Amino acid sequence: MNPFKVIKQYEPSALTPNYISRVSVKEGSQSYNLSFSDNISTQNLVDNQKRPINELFFTFQWIGYLGWTSKPTFGTKALKQGWEFNLPTSQGKPTPWWTNNPASLNTNSYTIIQTSSYIKPGPRNFYYNNSLNVDDIIDGDFCEWNDSEYQERVISPIYHKIIYNESIFDINITGESEEQNPLGYYYPVHHPITIKAFSSYIEEGSPDTVSEIPDWATYDASTQSFIWRDIYPYGFIDSDGIGVDFPFLNGNHYPFRNLIFRLIPEGSTSISLTSTFVSLPTTDDCE
C-alpha cells in the first residue's frame, strides 16, 4: 500500500511556457521494488583508506529515452552535475556553477516528426543519455576524512541536473546566460546501503602490547601508537544505534533499504534539502 498521495496543481496559461493552461503533477507517489539477482563479492575490496568497504551504493542516472530533456550543451554532454552547496539560486537564477560543469556521461539522439501544442512543429532531434557500462567512472559525494577521529563524513552529496530541450519546447529564453544555464530539476545520485558498521569508538595500541591490530590501522605520531575502528559483527547494535542487523543466510548477506527518490525543481521554496550536521560527541562515565 502506498501511503503517499498524488498532488496535482492547476497552472493558468500565464504561467506555462506555451501560454496554455494545464494540470500538472506536483508530487507523485510511484513506488518501486528493486532487487538484484547477481551476487557481489566484497571480500577483497577496500576504500580510499585501505579499510574493508562498509557501503555499497545504489546509483540513479537520468536516461530520458523520450527525448524531452538532455540537449547536449558541452559537445556530447547533457547532464550537469554539482553538489548540494551549489543548488541555491541567486535572484531566481541558478548559481553560475551549473553553466560549466557537465557530468561525464555521453548522449545519443534520434529524429522524430512531432506536432503538438506543447512543442515546435517539424522534425526534431530528441536526445537521451547513455546507460552506464562496467568500469565507467562517475563523480561521488564531497567528503572529508578526519585523521584524529579516524572517520569520514559527507560534506555535500552530489546531484545531477536535467533541463528541458529548448529546441523542442517553445520556451522563451531571453539571453545567452539563461540559454546556457536555465532552470531545471535536480536529483541525488548515490544512495548508500550499509553492509558493515565501524565501531563508534577508536581503538588504540602498539604491536608490542596489542595483538591482532587490523591492517587498516594507521600510525598516529602524536600518541606514537596505531589507531583504528573495529568492525562490528552482524547482529550487534551498540547504544548509539550503530550496527548492521540484516538477514544472514547460507553465507550470503541480504541488505535491505527503503528510500525516497526526490526530483527537486530548481528554485522551489516548498522543498527543503536535508543538511548535514556534525553529531554531538558521545559521553560516558569516564568524562
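About the thresholds
- Residues numbered from 1 in each chain as written.
- Predicted model: local features only at pLDDT ≥ 70, side-chain atom pairs only at ≥ 80, totals over all residues.
- Heavy atoms only, no water.
- Helix = DSSP H or I, 4+ residues; strand = E, 2+ residues; numbered from the N terminus.
- Buried < 20%, exposed > 50% of the residue type's maximum accessible area, 1.4 Å probe, protein only.
- Contact = heavy atoms within 4.5 Å.
- Pairing = 2+ DSSP bridges.
- Axes fitted to C-alpha atoms, helices over the stretch in contact; angles between N-to-C directions.
- Salt bridge = Lys/Arg side-chain N within 4 Å of Asp/Glu carboxyl O.
- Core = buried A, V, L, I, M, F, W, Y, C linked by side-chain atoms within 4.5 Å.
- Patch = residues over 30% accessible without salt bridge, like charges linked within 9 Å, V, L, I, M, F, W, Y side chains within 5 Å.
- Areas by Shrake-Rupley, 256 points an atom, 1.4 Å probe, with all protein chains shown as cover.
- Phe/Tyr/Trp six-rings, centres within 6.5 Å; stacked < 30°, edge-to-face > 60°.
- Lys NZ or Arg CZ within 6 Å of the ring centre and 35° of its normal.
- pLDDT = per-residue confidence, 0-100.

Trainee: Explain the overall build of the protein chain here, please?
Mentor: A count of helices and strands for the protein chain gives 1 helix and 19 strands. Across the 287 residues in the protein chain, those meeting the buried criterion constitute 28%. Put simply, of all contacts in the protein chain between residues at least 6 apart along the chain, 61% involve residues at least 24 apart.

Trainee: Which parts of the structure should I look at to understand the sheet that holds strand 14 (residues 203–205)?
Mentor: In any sheet, the strands associate via hydrogen bonds between backbone groups, in a parallel or an antiparallel arrangement. Within the open sheet, the 3 strands sit side by side as 14-16-15. Their pairing is antiparallel. Taken across any chain shown, the strands that pair with only one partner, and hence form the sheet edges, are strand 14 and strand 15 (218–220). Adjacent strand axes in the sheet meet at a mean angle of 35° when their direction is disregarded. Here strand 14 pairs with strand 16 (residues 225–228) via 3 bridges, running antiparallel. By the bridge assignment for strand 16, glutamate 203 is matched with tryptophan 228.

Trainee: Honestly, the pattern of salt bridges in this entry has me stumped. Any pointers?
Mentor: Pairs can form between side chains of opposite charge once their charged atoms are near each other. On inspection of all chains with the given rule, the structure shows 3 salt bridges. One salt bridge in this structure joins arginine 22 and glutamate 11, with 3.5 Å as the shortest N-O distance. Residue arginine 22 is located in strand 2 (residues 22–27), and its partner glutamate 11 is located in strand 1 (residues 7–11); the two are separated by 11 residues in the primary sequence. With relative accessibility at 27%, the residue arginine 22 sits in the partly exposed group.

Trainee: Looking at this structure, I do not really get the nonpolar core. What am I missing?
Mentor: The nonpolar side chains of soluble globular proteins are, as a tendency, buried together. Residues Phe58, Phe60, Leu79, Trp83, Ala103, Leu105, Ile158, Ile162, Tyr187, Val189 and Ile193 constitute the largest nonpolar core, which totals 11 residues. When sequence neighbours within four positions are dropped, the list of residues in contact with isoleucine 158 reads Gln81, Gly82, Trp83, Asp139, Gly140, Asp141, Tyr187, Pro188, Val189 and His190. Counting residues in hydrophobic clusters, the runner-up holds 6 residues, among them Tyr150, Trp216, Ala217 and Trp228.

Trainee: In this structure, what is going on with the sheet that holds strand 19 (residues 264–265)? I would like to understand it.
Mentor: Strands sit in the order 4-11-12-19 across an open sheet of 4 strands; the sheet is antiparallel. Each end of this open sheet is capped by a strand with a single partner; those strands are strand 4 (80–83) and strand 19. Of the strand pairs in this sheet, strand 12 (residues 185–188) and strand 19 are connected by 2 bridges, and their pairing is antiparallel. Along strand 19, the bridge assignment pairs tyrosine 185 with proline 265.

Trainee: Explanation requested: a nonpolar patch on the surface in the structure shown.
Mentor: A contiguous nonpolar surface patch, about 410 Å² in accessible area, is contributed by Tyr164, Tyr185, Leu259, Phe261 and Leu263. By relative accessible area, which is 40% here, leucine 263 ends up partly exposed.

Trainee: Please explain unusual backbone geometry as it appears in this structure.
Mentor: With the exception of glycine, most residues fall at negative phi, and the peptide bonds are largely trans. Phi is positive for glutamate 212, which is not a glycine, with a value near 60°. Along the chain, the position of glutamate 212 falls in the loop between strand 14 and strand 15. By relative accessible area, glutamate 212 is classed as exposed at 78%. A positive phi is found at glutamine 224, a non-glycine position, where the angle reads about 55°. In this fold, glutamine 224 is placed in the loop between strand 15 and strand 16.

Trainee: Honestly, the packing of aromatic side chains in this entry has me stumped. Any pointers?
Mentor: Enumeration according to the criterion identifies 11 aromatic pairs in this entry. Note on tryptophan 83 and tryptophan 97: the rings are 5.8 Å apart at their centroids and 65° apart in plane angle, and the pair reads as edge-to-face. Pair noted here: tryptophan 83 is in strand 4 and tryptophan 97 is in the loop between strand 6 (93–94) and strand 7 (107–113), with a separation of 14 residues, a long-range link. Overall, tryptophan 97 belongs to the partly exposed group, its relative accessible area being 31%. What links up through ring pairs into an aromatic cluster is the set Phe58, Phe60, Tyr187 and Phe261. Seen from the ring of phenylalanine 198, arginine 51 lies directly overhead, with NZ or CZ sitting 4.5 Å from the centre.

Trainee: Is there a simple way to think about the confidence of the model for the protein chain in this case?
Mentor: Where the model shows low pLDDT, its predicted coordinates should not be examined in detail. Per-residue pLDDT for the protein chain averages 78, and the proportion of residues at 70 or more is 78%. When mean pLDDT is taken per element in the protein chain, strand 9 (residues 142–146) scores highest with 93 and helix 1 (residues 176–180) scores lowest with 57. In the model, residues 269–278 has pLDDT below 50 throughout and makes 14 contacts with residues more than four positions away in sequence or in other chains.

Trainee: Explain the environment of histidine 253 here, please?
Mentor: In this structure, histidine 253 sits in strand 18 (residues 252–253). A relative accessible area of 21% places histidine 253 in the partly exposed class. With 213 residues separating them along the chain, histidine 253 and isoleucine 40 place their C-alpha atoms 9.5 Å apart.

Trainee: I would appreciate a short explanation of the pairing of strand 16 in the present structure.
Mentor: Summarising the sheet, strand 15 and strand 16 pair through 3 bridges and their orientation is antiparallel. Looking across to strand 16, one finds that threonine 218 is bridged to isoleucine 227. In this antiparallel pair of consecutive strands, strand 15 and strand 16, the connection spans 4 residues, and glutamine 224 shows a positive phi of 55°.

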